[in-house]
Amino acid sequence: MNSELALASLRGLAIGDGFGERLSRPGDHPDLTARTLPDGPWLWTDDTEMACSVYAVLRRHGYVDQEALAASFAERYDTGIDRGYGPGTERLLVQLRRGSSWRELADRDGRGGSWGNGGAMRVAPLGAFFGADLPRVLLEAERSAVVTHAHLEGVAGAVAVAVAASLRAVRPRLGGAELLEGVLPFVPPGLVRDGLAKAARVMGEPAEVAASELGAGQRMSAQDTVPLALWVAASFSGSFEDALWTVVRVADDVDTVGAMVGGVLAAGEHEVPAEWGRRAEPLPGWVLG
């Protein structure tokens with residue numbers, strides 16, 4: 001277990017999240033070719049806030065204590081700051097605060113639970129934490145996801161991102177089709193896995209082509225964000241900057257794709273430019289205490 005590498009992944013996730021959020025609104029950055037950094041602070045979203053809970057629970061317990069994770073999600077949900085939580089997640093967190101059990105709420109829509117990208121967006125630090133212990137990565141990624149996203153696709157998205165981060169933690173320079181092919185065997189059959197297989201087939205294509213083939217996050221589902229995120233991480237595994245500018249150019253759910261890409265890349269060999277770190281909102285004090 002490597003809490004230091006997990007923290008590095010969390011920082012990369014937060015920077016990717018905040019950078020994506022800062023540039024997610026139309027007109028915020030009309031000239032992408034110049035790559036002029038937007039003014040800070042780059043405020044992070046629910047992606048980072050929930051990832052902080054995942055990291056804090058792992059650091060404290062050494063595994064995903066689901067009751068502790070659900071309690072942290074509810075406690076850290078700040079109604080005074082708009083972090084961009086989806087309506088369904090907001091309702092769930094409010095119910096958790098009122099004493100409901102996450103187990104009773106997991107299938108709140110009666111269709112097997114949510115297949116949104118919430119489980120995947122926050123899980124990269126978990127993959128870095130467990131590193132080479134892939135059986136634990138798979139088990140703990142699923143445990144972390146089902147607290148809010150119990151659908152098979154929601155879980156599959158979390159597993160895929162966690163495995164990608166774990167592979168990068170073990171082989172820091174891993175990228176390209178080899179990264180995607182390393183993830184695929186561990187993802188259960190379904191739409192997320194189909195998307196990842198397609199992502200491997202379109203390696204080398206322009207990013208716009210990949211986004212049109214894989215989905216760019218318009219539906220904010222695991223299956224239309226995770227394949228693109230891991231395609232970007234694989235395609236630009238050696239450059240944090242290139243990867244995140246590509247996300248801004250082609251993704252719809254910019255902050256969440258950015259969070260996944262940032263977390264995966266920061267789990268391996270990477271260099272987050274110092275100026276990016278200075279402009280990003282710092283992690284909350286409670287996660288480092």
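Throughout this document, residue positions are counted from 1 along each chain, in the order its sequence is written. Only residues with pLDDT of 70 or above have their local features reported here, since the model is predicted, and side-chain atom pairs are shown and tallied only from 80 upward, although totals for entire chains, interfaces and linings are computed over all residues. Processing note: side-chain calculations cover all non-hydrogen atoms of the structure and skip hydrogens and water entirely.

Caption draft 1: Just the overall build of the chain, in detail. By the criteria applied, helices consist of DSSP H or I runs no shorter than four residues and strands consist of E runs no shorter than two, each listed in order from the N terminus. Helix and strand counts for the chain come out as 17 helices and zero strands. To get the radius of gyration, use the C-alpha atoms; to get the globule rule, take the number of residues to the power 0.38 and multiply by 2.2 Å. On C-alpha atoms alone, the chain measures out to a radius of gyration of 17 Å, which is about the 19 Å that the 2.2 N^0.38 rule sets for 289 residues. The cut-offs for exposure are 20% and 50% of the maximum accessible area for each residue type, with area from a 1.4 Å probe on protein chains only; residues under the lower value are buried, those over the upper are exposed, and the others partly exposed. A buried classification covers 58% of the 289 residues belonging to the chain. For the chain, the share of sequence-separated contacts (at least 6 apart) that also reach a separation of at least 24 residues comes to 73%. Summing over all exposed atoms, the chain offers an accessible surface of approximately 11,600 Å²; the carbon and sulfur share of this is 49%. By definition in these notes, contact holds between two residues if any of their heavy atoms fall within 4.5 Å. Note on areas: Shrake-Rupley, 1.4 Å probe, and residue coverage restricted to the protein chains presented here.

Caption draft 2: Layout of the pattern of salt bridges. When a carboxyl oxygen of Asp or Glu is within 4 Å of a side-chain nitrogen of Lys or Arg, the pair counts as a salt bridge. As enumerated under the stated definition, the model contains 11 salt bridges in all. A salt bridge links Glu75 to Arg76, with the nearest nitrogen and oxygen atoms 3.9 Å apart. Look at Arg76 and you get partly exposed, because its relative accessible area is 26%. Several salt bridges converge on common partners, so that one network encompasses Arg136, Glu140 and Arg143.

Caption draft 3: Broad picture of unusual backbone geometry. The omega torsion of the bond from Gly40 to Pro41 falls at 0 degrees, within 30 degrees of zero and hence cis. Of note, Pro41 is situated in the loop between helix H1 (3-22) and helix H2 (46-61).

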